[in-house]
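Descriptive analysis of the structure
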Amino acid sequence: MTKKAITRFAPSPTGFLHIGGARTALFNWLYARRNGGKMLLRIEDTDRARSTTEAIDAILDGMKWLGLDWDGEVVYQHQRADRHTEIARQLLAEGKAYYCYCSPEELTKMREKARAEGRAPGYDGTWRDRDPSTAPDNVKPVVRFRAPDEGETVIRDHVQGDVRFANRDLDDLILLRSDGTPTYMLSVIVDDHDMGITHIIRGDDHLTNAARQSQIYAALGWQPPEFAHIPLIHGPDGAKLSKRHGALGVEAYRAMGYLPEALRNYLVRLGWSHGDDEIISTKQMIEWFDLDHIGRSAARFDFKKLENLNGHYIRHGDDRELISAIKVSLHEFESCEDLAESLDEEDWRKFELAMPGLKERAKTLVELVNNARYLFVKRPLSFDKKARKLLGKEDARHVLERLTPVLENIEEWSVEALEQSVRDFSQETDIALGKIAQPLRAALTGGAVSPGIFDVLFVLGKKETLARIADVGKNDEL
RNA sequence: GCCCCCUUCGUCUAGUGGUUAGGACGCAAGAUUUUCAUUCUUGAAACAGGAGUUCGAUUCUCCUAGGGGGUGCCA
């Protein structure tokens, strides 16, 4: 029996969970779930100055919202610093690491010089074999890894294939800073090893690190995990994702009215495929996900496609679940603050009742909520330009007058009965249905666009419907 | 500069040493329709360029161009 996969998602808490991170988390999650394994969560906060608790909260919150749950407790990397330094000392004792007394200024000069001469701009090994007794005593040293200087390091990557690096291009990286704290490069290795990680699935930007890390694994005599470096996500213009395009935190997508399942579906198709399948449920993702079908080129973020997928999941969503999703985030929807404050039990009941008609015509939850406004407005309604135009016509108002008794006489206020009666009225009076429905829509919703008119009638109820129609008759400004 | 990676419709992608190069989003046209949507039908739209290997390359190799990543006492 093969060992169960243990993956990890290891964000650094310097900002929110952006879309690229979310996809990395999703891939790790899917791979673990697919293989009956575990996905661990580790916060890479070794850079204390840049790590914030707000960022940690945002990341955890984002993952929960996306439905990506992790196994076990969250590991905070900086809390394991002692263990990391212990390994650094071991390397030092074995001669696989050494003290370096170069000042930051010297290093900068070194880099500039190398660059000017067209060489690889790494550390030149000044202290690699130098006698520590010649060290200046006013300088606190860093600890550097003694990397092999010849031969090559090859990474067998599940996405990128075999990638070869000449060892002379990889310099002696810093393990321990001059203040004694461990760097990311040391910490990841120790933690991944100690946590029993079997597969590292992370962004392409770590590919070079993988080579450096595998050298350290070798020095330690540890077996490196399997690697899968996934391509980055770019903005619509092909440049690195920035705040201008899609590099928003996942909570921003929630605030824009996207559903987590839509985002998951969109994200999984960005770089990974399963034949021609586009609409993929989470259950299917877990069944199908593999490393072999991850593409090697960067993908651009396309809001239009996300929107389309979101519309699909809204249309096919369960009414009650959609209501819950709206309840959770209504307060953060743009221009919906008023509703977040004012909706009462009865409003929510009507909202759910109207959902079948509403969900057919919204690509985001925000759009859906705004389309539902006619349900909550208080009489007398105000009318938009198109509604005014519709109701401004003499004969349109006349139609409403003639329709009123018909509606008054309806006993059973159901969509079917309503439709039957209005259609009969249309036949008898020889007035086209459109000539009835449009003024009616304007009178009842204040606009020219809405769900099916019989839905509107039904959800509003007899009393409110009649009252809104009557309001139009009394309105002199139309 | 140096190292590494990538390149199929506008976008996400499938695919194969011989295919009318497939799907999806978007776009266009049409049908349905009480508005808007939905739904359905149809259409336009791609193998970056150049060599080579081969009977035959989109597919394999090399080069060029373009794009991306790395190059920190950041992660």
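Thresholds applied
Residues numbered from 1 in each chain as written. Chains lettered and ligands numbered in written order. Predicted model: local features only at pLDDT ≥ 70, side-chain atom pairs only at ≥ 80, totals over all residues. Heavy atoms only, no water. Salt bridge = Lys/Arg side-chain N within 4 Å of Asp/Glu carboxyl O. Helix = DSSP H or I, 4+ residues; strand = E, 2+ residues; numbered from the N terminus. Buried < 20%, exposed > 50% of the residue type's maximum accessible area, 1.4 Å probe, protein only. Near = heavy atom within 4 Å. Polar contact = N/O pair within 3.5 Å; in protein donor to acceptor, adjacent residues only side chain to side chain. Nonpolar A, V, L, I, M, F, W, Y, C, P; charged D, E, K, R; others polar. Patch = residues over 30% accessible without salt bridge, like charges linked within 9 Å, V, L, I, M, F, W, Y side chains within 5 Å. Areas by Shrake-Rupley, 256 points an atom, 1.4 Å probe, with all protein chains shown as cover. Lys, Arg positive; Asp, Glu negative; His and termini not counted. Charge placed at Lys NZ, Arg CZ, Asp CG, Glu CD. Phe/Tyr/Trp six-rings, centres within 6.5 Å; stacked < 30°, edge-to-face > 60°. Pairing = 2+ DSSP bridges. Right-handed = clockwise from strand over helix to strand, strands pointing away. Axes fitted to C-alpha atoms, helices over the stretch in contact; angles between N-to-C directions. Core = buried A, V, L, I, M, F, W, Y, C linked by side-chain atoms within 4.5 Å. pLDDT = per-residue confidence, 0-100.

1. Details of the pattern of salt bridges
Side chains that differ in sign of charge can pair as their charged atoms come close. Scanning the model with the defined rule gives 34 salt bridges in all. Here Asp61 and Arg254 are joined by a salt bridge, their closest N and O atoms 3.4 Å apart. Here Asp61 is found in helix 2 (residues 53-66), whereas its partner Arg254 is found in helix 7 (residues 250-255), with 193 residues between them in sequence. When its relative accessible area of 34% is taken as the criterion, Asp61 is described as partly exposed. Residue classification places Arg254 among the buried positions, given a relative accessible area of 12%. For Arg423, the salt bridge goes to Glu419, with nearest N and O atoms at 2.9 Å. Of the two residues, Arg423 and Glu419 are both situated in helix 18 (residues 415-429); the distance of four residues between them amounts to about one turn of the helix. Classification of Arg423 as partly exposed rests on a relative accessible area of 39%.

2. Observations regarding the protein's contact with RNA strand B
Around RNA strand B there are 65 residues in total, and Arg177, Gly271, Arg361, Arg441 and Ser450 lie nearest to it. By atom count, sugar and phosphate contribute 69% of the portion of RNA strand B lying within 4 Å of the protein. The separation between a sugar or linking oxygen of RNA strand B and a polar side-chain atom of Thr208 is 3.4 Å. Measuring from a base nitrogen of RNA strand B, one finds a backbone N or O atom of Ile453 at 3.5 Å. Among the secondary structure elements, those contributing two or more residues to the surface near RNA strand B are helix 4 (104-116), strand 7 (161-166), helix 6 (207-220), strand 12 (299-300), helix 10 (303-315), helix 19 (433-445) and helix 20 (453-460). Looking at the surface near RNA strand B, the element that brings in the most residues is helix 19, giving five residues. Looking at the surface near RNA strand B residue by residue, the classes come out as 22 nonpolar, 19 polar and 24 charged.

3. Let's talk about a positive patch on the surface
A cluster of basic residues, Lys385, Lys389, Lys393 and Lys435, forms a positive patch on the protein surface. Counting through the fold element by element, Lys385 comes out in helix 16 (residues 385-392).

4. Things to note about the packing of aromatic side chains
For the structure on display, the rule yields eleven aromatic pairs. Centroid distance Phe351 to Phe376: 5.5 Å. Interplanar angle 70 degrees. Geometry classified as edge-to-face. Linking Phe351 in helix 13 (residues 345-359) with Phe376 in helix 15 (residues 373-376), this pair joins segments that are 25 residues apart in sequence. With respect to burial, Phe351 and Phe376 carry one shared label: buried. By the ring-pair criterion, three or more aromatic residues cluster together here, those being Tyr253, Tyr258, Tyr266, Phe301 and Phe303.

5. Description of the pairing of strand 9 (residues 199-203)
A large share of strand 9 lies buried, amounting to five of its five residues. Pairing between strand 9 and strand 10 (residues 226-230): five bridges, direction parallel. Bridging across to strand 10, Gly203 finds its partner in Ile230. Running through helix 6, the crossover from strand 9 to the neighbouring parallel element strand 10 is right-handed.

6. Comments concerning the sheet that holds strand 4 (residues 97-100)
Spatially, the three strands line up as an open sheet ordered 4-5-8, and their pairing is antiparallel. Only two strands of the sheet have a single neighbouring strand rather than two, namely strand 4 and strand 8 (174-176). The sheet shows a mean angle of 45 degrees between the axes of neighbouring strands, direction not considered. Pairing between strand 4 and strand 5 (residues 142-145): four bridges, direction antiparallel.

7. Some details on the nonpolar core
One finds Met63, Ile326 and Phe351 to be the most contacted residues of the largest nonpolar core, which totals 106 residues. Considering every element that reaches this core, the biggest residue donor is helix 1 (residues 19-34), with nine residues. If you look at the next biggest cluster of nonpolar residues, it comprises 20 residues, including Ile87, Ala88, Leu176 and Tyr217.

8. A closer look at the confidence of the model for chain A
Looking at chain A as a whole, the pLDDT averages 93, with 98% of positions reaching at least 70. Here the predicted complex carries an ipTM of 0.95, next to a pTM of 0.94.

9. Side note on unusual backbone geometry
Note that the residue after Arg379, namely Pro380, is joined by a cis bond; omega there is -5 degrees. Turning to its location among the elements, Pro380 is positioned in the loop between helix 15 and helix 16. For Ser335, which is not a glycine, the phi torsion comes out positive at approximately 60 degrees. Its place among the elements puts Ser335 in the loop between helix 11 (319-329) and helix 12 (337-342).

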